[in-house]
Amino acid sequence: MRVSQFFISTLKESPADAEVISHQLMLRAGMIRRLAAGLYTWMPIGLRTLRKVENIIREEMNRSGAIEVLMPSVQPSELWQESERWDQYGPELLRMHDRHDREYCYGPTHEEVITDFVRKEVRSYKQLPVNFYQIQTKFRDEIRPRFGVMRAREFSMKDAYSFHTSKECLEQTYKIMFETYHKIFNRMGLEFRAVEADTGSIGGNASHEFHVLADSGEDAIAFSNASDYAANVELAPTFKTNEPSNDGQIELTKIATPNQHSIEEVCKFLKVGPEQIVKTLIVKGTDGTLVALALRGDHELNTIKAQKLEGVAEPLEFANEQEIQNKLTCKPGSIGPLDLDIPVIIDHAAATISNFVCGANEDGFHYLGADWKRDCKKFEISSSADIRKIVEGDTSPDGKGTVSIKRGIEVGHIFQLGEKYSRALKANVLNADGKDQTVTMGCYGIGVTRVVAAAIEQNFDDHGIIWPESIAPFQLSLIPINLKKSASVQTTCERLYTELCNLGIEALYDDRDLRAGLMFADHELMGIPHRIVVGDRGLKEGQLEYKGRANPDSQQIPIDNLHEFLKDIINI
RNA sequence: CGGGGCAUAGCGCAGUCUGGUAGCGCACCUGCUUUGGGAGCAGGGGGUCCGAGGUUCGAAUCCUCGUGUCCCGACCA
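Computed from a prediction, not measured in an experiment: that's the story for all the values here. Within each chain, residue numbers correspond to sequence positions counted from 1 in written order. Chains and ligands are labelled by the order in which they are written, letters from A for the one and numbers from 1 for the other. The model is predicted, so local features are restricted to residues of pLDDT at least 70 and side-chain atom pairs to those at 80 or more, both for listing and for counting; the totals for chains, interfaces and linings are taken over all residues. Remark: hydrogens and water are excluded; side-chain values derive from all non-hydrogen atoms of the structure.

What's the story with unusual backbone geometry in this structure? I'm lost.
Note: most residues except glycine have negative phi, and most peptide bonds are trans. The omega torsion of the bond from Leu128 to Pro129 falls at 0°, within 30 degrees of zero and hence cis. Phi at Phe147 is positive, roughly 60°, even though this residue is not glycine. Counting from the N terminus, the helices are the DSSP runs of H or I reaching at least four residues and the strands are the DSSP runs of E reaching at least two. Mapped onto the fold, Phe147 is located in the loop between strand E7 (130-139) and strand E8 (154-164). Relative accessible area serves as the criterion here: at 13%, Phe147 is assigned to the buried category. Its identity is not glycine, yet Lys271 carries a phi of approximately 55°, on the positive side. As for its position among the elements, Lys271 is in the loop between helix H7 (263-270) and strand E14 (277-284). Burial classes: relative accessible area under 20% of the type maximum marks a residue as buried, over 50% as exposed, and values in between as partly exposed (1.4 Å probe, protein chains only).

So, in structure tokens, the structure goes:
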């Protein structure tokens, strides 16, 4: 492509509201422009990368045996009424009316439509299993769209839905998708992890999220340094480690701690570490009761785990100061698990410490030297629970190695759905016995536009984007120095450009006749992996200059060796 | 949803407090010089100062009501 016949539009400064690096660089490199909140135009350079991502996904999906379809983005409300999601989905679902006042929504996902399609088209178990997919625009009316295309309202997604007559068959396809996703993200050159995910109310243990690892990720991932284990921090379980030591050597003492409320303040005041403190959080229980949750001072409550406990309200809600004062003998800041008049749930880790500090249930007082067995009447070691977030250095939940925590960007999610939609929409087939049978479903998504942003979050430097080869908008930049002044530069570039095209290399030939620095800056910002510079200086010696985007050093290449040289570094 | 900030040229911003000719840098156009890492000089184009009311001789500036946009927000015992 000649730049003069293309459209590139780079910015020196990034717009003030772009806070993450991928958003800034996508704007500066001229990949996207914002139209309105969460709505973006893909410009030519950006679209080339988006198409490459799509094509990798499409090729691998096809190879896995999935079959491409394309469903409407606008969907009738009736289907959503049938699945009961019309009422459940809430304001994230963009709803609209047509001229006859019929209700529609702009599809945030396509389970209803595909299930409707299958119930109409698939009659027999002999047609199963089948896995349909599409690459299509979705709309989710996010409360707070941000980070550019990372969390936009309109976005492109690859969604696949598989149909089966048995759980075993579903598991088989699930496994194939699991492997296919590995192939897809590996081909894109991304560092990622398959992460065990929440299966919600549907049950089963079969759901994985695929996360690209990047510091700006919104999710924290806990993974083992010794195995493939990886899970969202929200879900990674923690276990009872050892029995509480019951030395009881230190006497229980009540000590005045005036105006010391937070863990930090109490630590400083009493000169103890936060791991020697038991903090007590008061949350709402069922039927308007209160429940106390006891944790080590340096641990954080995991709300998802806590709200699943019996007697705790779901969703989890903290008691406010008024409610605490009505039921307890003190204000927040001095609450402790000993002698509390409400149910106390103790975290595994908190239950194994002794001689700890905790609130004395009297304003401005804490206990020193507390011991569970001796001082807490309600304490039973067997009753401790898993209510904290896993932390770096914990034993891996699979027992192998210890836990590290990194941030990740969720780019894919695979899920064994079961019969949730097929039952609601009555998607049945005749089985071998000639009887109606509800089909079992799996679904598999990849956020196509988000992948582009995630790839940038993982691959950039001070000069701009550094695209992995397979998703770069162009493979190679051809940069002339003094194009219009030097006849030999011009004829050489024209010849090289033709040759590169004939070799099937996607070259971006910068024939704008700009200053060298401008062109270098533009092409580096756009992240093009390879660069050939043609100037009089080198041509006199029969040399071209080559530089790889990720490599700081350039090298001279004899012009006659260019083909051989490129064959080694680019997959032609 | 609650709280806060912002809204002036395509982008980044000043001007608003204290009302009186709408500015700067980048980008864009013209000319000359320059030409291996975001050039220099000269000239030029481009504005619904978010919108609607109000106060005033006069409003980007003050007041009221909207709209848009961005950020923050339950770990506190």
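Having seen the model, we can carry on.
Hey, could you run me through helix H15 (residues 516-526) in this one?
Since the α-helix packs 3.6 residues into each turn, any two residues three or four apart lie on the same face. Listing the buried residues of H15 in full gives Met519, Asp522, His523, Glu524, Leu525 and Met526. Directly after H15, the chain includes Gly527, whose backbone phi takes a positive value near 80°.

Is there a simple way to think about the pairing of E8 in this case?
A regular strand places its side chains so that they alternate between the two faces of the sheet. Across the 11 residues that make up E8, a large majority, 10, are buried. When DSSP finds two or more bridges between a pair of strands, those strands are recorded as paired. Relative to E8, E7 runs antiparallel, the two being bridged by 10 bridges. Looking across to E8, one finds that Tyr133 is bridged to Ala160. Examined bridge by bridge, E8 and strand E22 (residues 440-447) share 8 bridges and lie antiparallel to one another.

How do you make sense of the environment of Asp513 when you look at a structure like this?
With respect to the element layout, Asp513 can be found in the loop between strand E26 (507-509) and H15. Note on Asp513: relative accessible area 33%, which makes it partly exposed. Through-space distance from the C-alpha of Asp513 to that of Leu483 is 5.5 Å; in sequence the pair is 30 residues apart. Identification of polar contacts relies on pairs of N or O atoms within 3.5 Å, with a donor-acceptor requirement for protein atoms, meaning one able to donate a hydrogen and the other able to accept it, and with residues adjacent in sequence counted only if both atoms are side-chain atoms. Of note is the side chain of Asp513, whose polar atom sits 3.5 Å from the backbone nitrogen of Lys484.

What is the right way to read the protein's contact with RNA strand B from this model?
Neighbouring RNA strand B are 45 residues; Glu19, Arg144, Ile263, Phe318 and Glu545 lie closest to it. For this description, a residue counts as near a given molecule or strand if any of its non-hydrogen atoms is within 4 Å of it. Atoms of RNA strand B within 4 Å of the protein: sugar and phosphate make up 45%, bases the balance. At 2.9 Å, a side-chain N or O of Lys12 approaches a sugar or linking oxygen of RNA strand B. Note that a sugar or linking oxygen of RNA strand B is positioned 3.5 Å from one of the side-chain N or O atoms of Arg537. For the surface near RNA strand B, the secondary structure elements donating two or more residues are E14, H15 and strand E27 (530-534). Ten residue types, Ala, Val, Leu, Ile, Met, Phe, Trp, Tyr, Cys and Pro, are classed as nonpolar, four, Asp, Glu, Lys and Arg, as charged, and the remainder, Gly among them, as polar. Residue composition of the surface near RNA strand B, by class: 18 nonpolar, 9 polar and 18 charged.

Help me out: how do you make sense of the nonpolar core in this one?
One broad trend across soluble globular proteins is that nonpolar side chains are buried collectively. Buried residues of nine kinds, namely Ala, Val, Leu, Ile, Met, Phe, Trp, Tyr and Cys, make up a nonpolar core once their side-chain atoms join them within 4.5 Å. Met26, Met31, Ile57, Tyr181, Phe185, Met188 and Trp467 are the most contacted members of the largest nonpolar core, which has 62 residues in total. The element that contributes the greatest number of residues to this core is helix H13 (residues 448-458), accounting for 7 residues. Of all hydrophobic cores here, the second largest spans 26 residues; its members include Leu340, Ile342, Ala351 and Ile353.

Help me out: how do you make sense of the packing of helix H1 (residues 21-28) against H13 in this one?
The packing of two helices is summarised by the inter-axis angle and the distance between the axes. Lines are fitted to the C-alpha atoms to define the axes, a helix being fitted only along its stretch in contact, and any angle between axes, read from their N-to-C directions, falls within 0 to 180 degrees. Running from N to C, H1 and H13 point in directions that differ by 105°, and their axes come no closer than 8 Å. Between H1 and H13, the angle falls in the class roughly perpendicular. Listed contacts from H13 to Ile21, Ser22, Leu25 and Met26 of H1 are Val452, Ala453, Ile456 and Glu457. Residues belonging to the contact of H1 with H13 are distributed by class as follows: 6 nonpolar, 1 polar and 1 charged. Each angle is binned into one of four classes, with values under 35 degrees roughly parallel, values over 145 roughly antiparallel, values of 65 to 115 roughly perpendicular, and all other values oblique. For this analysis, residues touch if any pair of their heavy atoms sits within 4.5 Å.

How do you make sense of the side chain of Asp386 when you look at a structure like this?
With respect to the helices and strands, the residue Asp386 is situated in the loop between helix H11 (372-375) and strand E19 (403-418). Among the polar contacts made by the side chain of Asp386, one reaches the side chain of Thr238 at a distance of 2.5 Å. A polar side-chain atom of Asp386 sits 3.0 Å from a polar atom in the side chain of Lys305. Aside from chain neighbours lying at most four places away, what touches Asp386 is Pro237, Thr238, Lys305, Asp347 and His348.

Help me out: how do you make sense of the pattern of salt bridges in this one?
Pairs can form between side chains of opposite charge whenever their charged atoms are close. Salt-bridge detection follows one rule: a side-chain nitrogen of Lys or Arg within 4 Å of a carboxyl oxygen of Asp or Glu. A complete count under the given rule lists 32 salt bridges for this structure. Between Glu300 and Lys389 there is a salt bridge; the shortest N-O distance is 3.4 Å. Of the two residues, Glu300 is situated in the loop between strand E15 (290-296) and helix H8 (303-306) and Lys389 in the loop between H11 and E19; the sequence distance between them amounts to 89 residues. Of the residues examined, Glu300 reaches a relative accessible area of 48% and is grouped as partly exposed. As a salt-bridge pair, Glu524 and Arg531 come within 3.2 Å of each other at their nearest N and O atoms. Across the pair, Arg531 and Glu524 agree in class, each one buried. Among the charged side chains, a salt-bridge network with shared partners connects Glu59, Glu60, Arg63 and Arg187.

When you look at the packing of helix H2 (residues 44-63) against H13 in this model, what are you seeing that I'm missing?
At a minimum axis distance of 9 Å, the contact between H2 and H13 shows a crossing angle of 115°. The orientation of H2 with respect to H13, classified from their angle, is roughly perpendicular. Both H2 and H13 take part in a crossing whose hand is right-handed. Here H2 contributes Thr49, Leu50, Val53, Glu54 and Ile57 to the contact with H13, which in turn contributes Val448, Thr449, Val451 and Val452. In terms of residue class, the contact of H2 with H13 is made up of 6 nonpolar, 2 polar and 1 charged. Here a crossing is taken to be left-handed if its near helix is turned anticlockwise relative to the far helix by less than a right angle, and right-handed if that turn runs clockwise.

It is not clear to me how the packing of aromatic side chains should be interpreted in this structure. Could you clarify?
In this description, a pair of aromatic rings is defined by centroid distance and the angle of the planes. We call Phe, Tyr and Trp rings a pair once their centres come within 6.5 Å, taking the six-membered ring for Trp, and we label the pair stacked below 30 degrees between planes, edge-to-face above 60, and tilted otherwise. Taken as a whole and assessed by the stated rule, the structure comprises 13 aromatic pairs. On the numbers, 5.6 Å between centres and 55° between planes, the contact of Phe185 with Phe192 is tilted. Note on Phe192 and Phe210: the rings are 6.4 Å apart at their centroids and 35° apart in plane angle, and the pair reads as tilted. Linking Phe192 in strand E9 (residues 192-196) with Phe210 in strand E10 (residues 207-213), this pair joins segments that are 18 residues apart in sequence. Under the relative-accessibility criterion, Phe210 is labelled buried at 0%. Among the aromatic residues, ring-to-ring pairing joins Phe178, Tyr181, Phe185, Phe192 and Phe210 into one connected group. By the criterion adopted, a ring carries a charge over it if an Arg CZ or a Lys NZ lies within 6 Å of its centre and within 35 degrees of its normal. Looking at Arg95, its charged tip hangs above the ring of Trp86, at a distance of 4.7 Å from the centre. Positioned over the ring face of Phe520 is Arg531, at 4.1 Å from the centre of the ring.

Would you take a moment to explain the sheet that holds strand E28 (residues 543-548) for this structure?
The strands making up a sheet associate through backbone hydrogen bonding, with each pair oriented either parallel or antiparallel. Across the sheet, 5 strands lie side by side as E26-E25-E27-E28-E29; this open sheet has mixed pairing. With one partner strand each, in any of the chains shown, E26 and strand E29 (554-558) form the two edges of the open sheet. Here the strands of the sheet are splayed against their neighbours by 25° on average, with no regard to which way each runs. Pairing geometry for strand E25 (residues 476-480) and E27, over 5 bridges, is parallel. Following the sheet pairing, Ile479 is matched in E27 by Val533. Sitting on the sheet, helix H17 (residues 562-569) is in contact with E25, E27, E28 and E29, with an inclination near 135° to E29.

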